[in-house]
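# Close look at the chain arrangement
So you can see what is in the structure, the chains are spelled out below.
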Amino acid sequence: VIFFQLYGYCYQDSNDIPDTLTTITELGSPLEMIQLLQTSWEDRFRICLSLVRLLHYLAHSPLGSVTLLDFRPRQFVIVNGELKVTDLDDASIEESSCSSNSDCFMEFPARNFTLPCSVEGRCQSMNEKRNLYNAYRFFFTYLLPHSAPSSLRPLLDKIVNATGNCNKHDYANCSLFYPSPSVNSEFTQKCVKSANTKYRRVPEAFIPDENYRCWPSYHHKGCLLSVFDVNEAIEICDSYSQCKAFVLTNQTTWTGRQLVFFKMASNHIVPDPDKITYVKVTD
């Protein structure tokens, strides 16, 4: 579901306020861009995938191509990690009429576009291109490249550049955006090289204390990150000078990556059947 869920509504006519409409909707969180930039790249990528589904639906809706004239963060909320539209007052299915290409002019603060005028006298794909560029300038340019996995950066740069350069010479590049859910599998299956550092495996064990903060973390008081496998956890631990151990949990993120606590010591280890601890071996 890409639109805010309406559970019910009722009309109430009173002496004080006539024709009052009350709606009951699902609960969502306002979209705050600064807050989003402080979350993990994986969570931000999930929001971008929600936007992919929305753009695809708007371009191929039962009513035809739909454009959101006010395509800004304030029109969206986050529900269970997914992006949803809350306001459709400014939605339009009208493609601009034209007699020549010059009539199909789209103006934005940073750049302008001129689209072809079809033989039917309509600006070709103007609704879709407007949505696409607005998604680029308000969302993708901030959420996708920032702290992205190094192995995915070339593909992400290609996607971001394509959505920001959909001009009359390069419409084909816009299609690069739509297959981007495949990035999800590449991210989940990301391979890393094993480090040379030795770690001692302690099954069914957990380190309750010895936390340090890192960014981005799923836990505000510790360093909790997602990994593909033990090798990636070792690589991350080796990259932090204060990391002396890490704990594999049985929890995963929405992409299936495992959540791992990174610790700055292993002085106090307690039994825990759902976790596995790895302690760095020092010479």
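For the structure itself, consult the block above.
Residues numbered from 1 in each chain as written. Predicted model: local features only at pLDDT ≥ 70, side-chain atom pairs only at ≥ 80, totals over all residues. Heavy atoms only, no water.

### Overview of helix 3 (residues 126-143)
Structural remark: α-helix, 3.6 residues per turn; residues separated by three or four positions point the same way. Here helix 3 spans 24 Å end to end across 18 residues, near enough to the 26 Å set by a 1.5 Å rise per residue. Of all the bends found along helix 3, the most pronounced is centred on Tyr136 and spans about 50 degrees. Across the 18 residues of helix 3, 14 count as buried, placing the element largely inside the fold. (Helix = DSSP H or I, 4+ residues; strand = E, 2+ residues; numbered from the N terminus. Expected span 1.5 Å × (residues − 1). Bend = angle between axes of the 7 residues up to and from the residue. Buried < 20%, exposed > 50% of the residue type's maximum accessible area, 1.4 Å probe, protein only.)

### Here's the deal with a nonpolar patch on the surface
A contiguous nonpolar surface patch, about 490 Å² in accessible area, is contributed by Leu6, Tyr9, Tyr11 and Leu21. Top element by residues in the nonpolar patch is strand 1 (residues 6-12). It accounts for three residues. Within the secondary structure layout, Leu6 lies in strand 1. (Patch = residues over 30% accessible without salt bridge, like charges linked within 9 Å, V, L, I, M, F, W, Y side chains within 5 Å. Areas by Shrake-Rupley, 256 points an atom, 1.4 Å probe, with all protein chains shown as cover. Salt bridge = Lys/Arg side-chain N within 4 Å of Asp/Glu carboxyl O.)

### Some words on the sheet that holds strand 5 (residues 76-79)
One open sheet accounts for three strands, arranged 3-5-6; its pairing is antiparallel. Of all strands in the sheet, those bounded by a partner on one side alone are strand 3 (29-30) and strand 6 (82-85). Note: strand 3 against strand 5, two bridges, orientation antiparallel. Bridging from a neighbouring strand, Pro30 pairs with Val77 of strand 5. Along the sheet face, helix 2 (residues 41-59) touches strand 5 and strand 6 and points at about 40 degrees away from the line of strand 6. (Pairing = 2+ DSSP bridges. Contact = heavy atoms within 4.5 Å. Axes fitted to C-alpha atoms, helices over the stretch in contact; angles between N-to-C directions.)

### Concerning the nonpolar core
If you look at soluble globular proteins, the nonpolar side chains tend to sit buried side by side. In this structure, Leu31, Leu51, Phe71, Phe76, Leu83, Phe139 and Leu144 are the most contacted members of the largest nonpolar core, which totals 31 residues. Of all elements in the fold, only helix 1 (33-36), helix 2, strand 5, strand 6, helix 3 and helix 4 (153-164) reach the threshold of two or more residues within this core. Here this core gets nine residues from one element, more than from any other, and that element is helix 2. Ignoring sequence-local partners within four residues, the contact set of Phe76 consists of Leu31, Leu51, Leu54, Leu68, Phe71, Leu83, Lys84, Val85, Thr86 and Phe139. Leu225, Ala233, Ile234 and Ile236 belong to the second-largest nonpolar core, a separate cluster that totals 16 residues. (Core = buried A, V, L, I, M, F, W, Y, C linked by side-chain atoms within 4.5 Å.)

### Some details on the sheet that holds strand 14 (residues 270-280)
Here five strands make up an open sheet; going across it, the order is 10-14-12-13-11 and the pairing antiparallel. Edge strands, defined here as strands with exactly one partner in the open sheet, are strand 10 (199-206) and strand 11 (223-227). Between one strand axis and the next, the sheet turns by 30 degrees as a mean value, whatever way the strands run. For strand 12 (residues 245-252) and strand 13 (residues 258-263), the ladder comprises five bridges, and the chain directions are antiparallel. Paired with Ala245 across the bridge in strand 13 is Lys263.

On their own, these measurements won't tell you what the molecule is for.
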